[in-house]
Amino acid sequence: MTLSRILIANRGEIALRVVRTVRDLGATSILPYTPEDLMSPAAELADEAHALPEGSSYTDAQAILALARATGADAIHPGYGFLAEDPAFAQSVIDAGITWVGPSPAAMEALGDKMSARRTAQAAGVDPVPGITDSVTRTSTITAFAARHGYPVALKRTDGGGGRGITVLHSDEEAAATPALASAAAGSSTLILERFVTAARHVETQCARDAHGGFAVVSTRDCTLQRRNQKLLEEAPAPFLPEGLHERLVEASRRLLETVDYVGVATCEFLLTPEGDLWFLEVNPRLQVEHCVSEEVTGTDLVEIQLRLADGGRLGGIGQVRGHSVELRITCEDPARHLAPSTGVISRLRWPAGPGIRIESGVTEGDVVTPMFDPMLAKIVVTGATRDQALARARRALAETVVEGVTVCTGLHAHVLTQEAFTRCDEAGALAVTTRWIENEVLPELASAAGQDAQGDQSGEDAAIPDPSPRTRSSYVIELNGRRMQLTLPDGILAPAHYGHDFAARSRRTQPLRGRSGGGPARSARTGAAGAGASGGEAGGEPGVIAAPMQAIVTRICTEPGARVAQGDLLVVLESMKMENYVHAPHDGTIAEIPVGAGRTVTAGDVLVRMSAPETTQEA
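Just so it is clear, the structure is predicted and the values come from calculations on it, not from any experiment.

## Some details on the packing of helix H6 (residues 114-124) against helix H10 (residues 245-259)
At step 1: Interaxial distance between H6 and H10 falls to 9 Å at its minimum, and their mutual angle equals 110 degrees. Classified by the interaxial angle, the pair formed by H6 and H10 is roughly perpendicular. H6 and H10 meet at a crossing whose hand is right-handed. On H10, the residues touching Thr120, Ala121, Ala123 and Ala124 of H6 are Arg255, Leu256 and Thr259.
At step 2: Its residues placed into classes, the contact of H6 with H10 shows 4 nonpolar, 2 polar and 1 charged.

What follows is the structure in structure tokens.
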């Protein structure tokens, strides 16, 4: 490989993942960081870590590119999220004479949103979910489509992803009343329409293609266990596939990548219905969160393949699939409260170990979890000779895992791993669960079981600070001229009069999870979690005042002052930890004031809407 200085335009566990492969290859890793990430494991392990300009972030393309030039980087690896799927950024990297570790901007454009991806699939002879590829702007278009295909149907923003920007409609009445059309027009968004598939598995292929036409499916994966289109557990290879389906997946994936002359690593995603229909969903033109399970069952380093292909190399041979691997996403979400977000300080952290266990994490004890971005703390990747062995090891791994200070979803995983609907095939030899199983069956069951068993509020107070180290020398992380460095000094030379007071506050770094924090104090796991469903509520019992149930970003306002609304009408859409949360009218009334706007960050308790108090009747 000719690439020698690789800038990783990301943070957290994926930045750490790429840093490790770069080191394996004998190259130099360069990591930009924001103040929150000065003490991060990724910054600690990177060969060079450089501060981004004050006020910038990992989505600041100009700052990232300027740093690449200043540090002499000859390649940029985007990881996933942030700028990974931005064709304009990819083009600017190429124009600067720096190698872009990813597909061409043209391929990214062809696959970049739901409309262009559907058109690409149709050109490749791969069937997408039945729908309308052109922009949908009229209610009559929706009702005419539903008359042919039936309800439910889904309106999807073409720039949405991960379940965001999707409105599911179940009747002509809902189609006529939906604010999605007006909201899209006001926000200059584009909507497409698809049949909403209520029962299906989510299967995908981990693919790679080189500039010489070499193509391979590294492995299949199953990502059926998800909630609101956010994956929770993934496994490779996809189990219990119907006869001949593997070949269909490989051929469809080959056509998709060849159609856009794709070079790099990609994931092709599909829906598999109980009837055997295979429908294209999308191509992700980057590394996926769940790439680890494909690596484990093939002995492949997908980051190394990305770098090799970006450098013009050939794909070469891919190892045969052996064994089975399962990935558990450990997120800051409470399964007893329908996976409501949890925030706070990670006061204790212990990951599992032993045969078949791989941990991908970018956090440490003392990190502060904020609610503004992706809730994932880590991935526990468990591999065994068979699926049964992998699942058994996963149960053991969960029992060893300790995360305190924030509520995580390990209880959900532990429950799922005991359910025969998931661990065994059905009478027809198929996997019985669908993409709606977690939402429709598992979460309600866990919430019901929680009942009165919920523990009391946990104190968010700091633990006692231990005595200073008895070592004669200690190392400190400092920032010198915008570059992160390590300084070793004799103990006591910098000791303040009150060690615990002066140093404790600096030992805890904000952990915004793939993005920058909006600020504000951290809260404990119990008191900081948002309410299930984020339906909003009247603040402090004050009639007509609807407050934010969590810290979040306002993404849509679905009403206006003076409008009359009915109980249950959608008023405001919030986004927290990459999930959309809906605030509905608690009663009939008239909107008096909306003191927030789209794009504003709100904290729990901030007023979103003021409306007239519910009318009451008095008996004579």
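Moving on, there is more to tell.
## What to know about helix H13 (residues 387-400)
At step 1: Here H13 is 14 residues long and its end C-alpha atoms lie 20 Å apart, about the 20 Å a rise of 1.5 Å per residue gives.
At step 2: Among the residues of H13, Arg387, Ala390, Leu391, Ala394, Ala397 and Leu398 are the ones counted as buried. When H13 is viewed along its axis, its buried side chains cluster within an angular range of 115 degrees and face the same direction.
At step 3: Elements in contact with the buried residues of H13: strand E12 (230-236), strand E15 (324-331), strand E20 (357-361), strand E22 (376-384), helix H14 (410-416) and helix H15 (420-423).

## Quick notes on the sheet that holds strand E7 (residues 153-157)
At step 1: The strand order across the open sheet formed by 4 strands is E6-E9-E7-E8, and the pairing between neighbours is antiparallel. Across the chains shown, the open sheet's two edge strands, defined by having one partner strand only, are strand E6 (131-132) and strand E8 (166-169).
At step 2: Two elements, E7 and strand E9 (residues 191-195), share 5 bridges in a ladder whose sense is antiparallel. Across the sheet, residue Leu155 finds its bridge partner in E9, namely Leu193.
At step 3: Contacts from H6 reach E6, E7 and E9, with the element oriented near 55 degrees to E9.
At step 4: Sitting on the sheet, helix H7 (residues 139-149) is in contact with E6, E7, E8 and E9, with an inclination near 15 degrees to E9.

## Considering the environment of Gln306
At step 1: Here Gln306 is to be found in helix H12 (residues 302-310).
At step 2: Accessibility expressed as a relative area gives 7% for Gln306, which makes it buried.
At step 3: Expressed as a C-alpha distance, the spacing of Gln306 and Pro103, which sit 203 residues apart in the sequence, is 9.6 Å.
At step 4: Residues within four places of Gln306 in sequence aside, it is in contact with His77, Val101, Val265 and Leu287.

## Thoughts on the pattern of salt bridges
Oppositely charged side chains can pair when the atoms bearing their charge come close.
At step 1: If you walk through the whole model with that rule in mind, you get 32 salt bridges.
At step 2: Where Glu251 meets Arg255, a salt bridge forms, and the shortest distance between an N and an O atom there is 3.3 Å. Of this pair, Glu251 and Arg255 both sit in helix H10, 4 residues apart, which is roughly one turn of the helix.
At step 3: Where Arg329 meets Glu290, a salt bridge forms, and the shortest distance between an N and an O atom there is 3.0 Å. In this pair, Arg329 is assigned in strand E15 and Glu290 in the loop between strand E14 (278-284) and helix H11 (291-298), connecting sequence segments 39 residues apart.
At step 4: One connected set of salt bridges, linked through shared partners, spans Glu204, Arg221, Lys231, Glu234, Glu269, Glu290 and Arg329.

## Some words on the packing of aromatic side chains
At step 1: One pass over the full model with this rule turns up 3 aromatic pairs.
At step 2: With centroids separated by 5.4 Å and ring planes inclined at 35 degrees, the aromatic side chains of Tyr58 and Phe82 adopt a geometry described as tilted. Of the two residues, Tyr58 is situated in the loop between strand E3 (48-51) and helix H3 (61-71) and Phe82 in the loop between strand E4 (75-77) and helix H4 (87-95); the sequence distance between them amounts to 24 residues.
At step 3: Taking the centre distance of 6.3 Å and the plane angle of 75 degrees together, the rings of Phe270 and Phe280 count as edge-to-face. Taken together, the residues span a long stretch of sequence, with Phe270 in strand E13 (residues 264-272) and Phe280 in strand E14 at a distance of 10 residues.
At step 4: By relative accessible area, Phe280 is classed as buried at 2%.
At step 5: Between the NZ or CZ atom of Arg387 and the centre of the ring of Phe422, over which it lies, the distance is 4.8 Å.

What counts, and at which threshold
Residues numbered from 1 in each chain as written. Predicted model: local features only at pLDDT ≥ 70, side-chain atom pairs only at ≥ 80, totals over all residues. Heavy atoms only, no water. Axes fitted to C-alpha atoms, helices over the stretch in contact; angles between N-to-C directions. Helix = DSSP H or I, 4+ residues; strand = E, 2+ residues; numbered from the N terminus. Parallel < 35°, antiparallel > 145°, perpendicular 65-115°, else oblique. Left-handed = near helix turned anticlockwise from the far one by under 90°. Contact = heavy atoms within 4.5 Å. Nonpolar A, V, L, I, M, F, W, Y, C, P; charged D, E, K, R; others polar. Expected span 1.5 Å × (residues − 1). Buried < 20%, exposed > 50% of the residue type's maximum accessible area, 1.4 Å probe, protein only. Arc of directions from axis to C-beta. Pairing = 2+ DSSP bridges. Salt bridge = Lys/Arg side-chain N within 4 Å of Asp/Glu carboxyl O. Phe/Tyr/Trp six-rings, centres within 6.5 Å; stacked < 30°, edge-to-face > 60°. Lys NZ or Arg CZ within 6 Å of the ring centre and 35° of its normal.

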